[in-house]
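# Results of the structural survey
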Amino acid sequence: MFRLWGKLWKDSRMIRDTVISLPPVDTRTHRIFQALEEICLEFDLGKPIWLEKNIREFQSHNKTRFTKDSFIESIDFDYLEIQILDEE
């Protein structure tokens, strides 16, 4: 099972979180994008843009933070953090 944890942070506090679980039927990249899309739907957010910084962080640490620079619309939180919890 593939699990991705999404967290919204504001003023150094987690204000909302969710875990998306997906069966291992697709590539890792497709599962990441699908889980991120489900997180954004649940949080009523537009999908963030993957900047070079996000790609490097995610490749190195299996987690990254999307700040206001990654969103087209304005956001009322400091950042969205995603992290892989499980990859079976």
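See the structure printed just above.
Here is what the cut-offs are and how they apply
Residues numbered from 1 in each chain as written. Predicted model: local features only at pLDDT ≥ 70, side-chain atom pairs only at ≥ 80, totals over all residues. Heavy atoms only, no water. Salt bridge = Lys/Arg side-chain N within 4 Å of Asp/Glu carboxyl O. Helix = DSSP H or I, 4+ residues; strand = E, 2+ residues; numbered from the N terminus. Buried < 20%, exposed > 50% of the residue type's maximum accessible area, 1.4 Å probe, protein only. Patch = residues over 30% accessible without salt bridge, like charges linked within 9 Å, V, L, I, M, F, W, Y side chains within 5 Å. Areas by Shrake-Rupley, 256 points an atom, 1.4 Å probe, with all protein chains shown as cover. Contact = heavy atoms within 4.5 Å. Phe/Tyr/Trp six-rings, centres within 6.5 Å; stacked < 30°, edge-to-face > 60°. Lys NZ or Arg CZ within 6 Å of the ring centre and 35° of its normal.

## Notes on the pattern of salt bridges
Taken as a whole and judged by the stated rule, the model has five salt bridges. With its nearest N and O atoms 2.5 Å apart, the salt bridge here joins Arg28 to Glu87. In this pair, Arg28 sits in helix 1 (residues 28-43) while Glu87 sits in strand 4 (residues 79-87), placing the two residues 59 residues apart along the sequence. Judged by its relative accessible area of 31%, Arg28 falls in the partly exposed class. A relative accessible area of 36% means that Glu87 is categorised as partly exposed. With a closest N to O distance of 3.0 Å, Arg65 and Glu81 form a salt bridge.

## Quick word on a nonpolar patch on the surface
On the surface, a nonpolar cluster with roughly 290 Å² of combined accessible area is contributed by Ile49, Leu51 and Ile72. When its relative accessible area of 32% is taken as the criterion, Leu51 is described as partly exposed.

## Some words on the side chain of Ser70
Structurally, the position occupied by Ser70 is in the loop between strand 3 (63-66) and strand 4. Owing to a relative accessible area of 1%, Ser70 belongs among the buried residues under this scheme. Sequence-distant contacts of Ser70, defined by excluding residues within four places in its chain, comprise Lys47, Pro48, Ile49, Leu51 and Asn54.

## Brief notes about the packing of aromatic side chains
On inspection of all chains with the given rule, the structure shows five aromatic pairs. For the pair Phe33 and Trp50, a centre-to-centre distance of 5.8 Å together with 90 degrees between the ring planes defines the contact as edge-to-face. Placement of Phe33 in helix 1 and of Trp50 in the loop between helix 1 and helix 2 (52-61) is noted, with a sequence separation of 17 residues between them. Exposure remark for Phe33: the relative accessible area of 42% places this residue in the partly exposed category. With a centroid separation of 5.6 Å and an interplanar angle of 85 degrees, the aromatic rings of Trp50 and Phe58 are classed as edge-to-face. Relative accessible area serves as the criterion here: at 22%, Trp50 is assigned to the partly exposed category. Joined through ring pairs, the aromatic side chains of Phe33, Trp50, Phe58 and Phe66 make up one cluster. It is Lys7 that lies over the ring of Trp5; its NZ or CZ is 3.8 Å from the centre.

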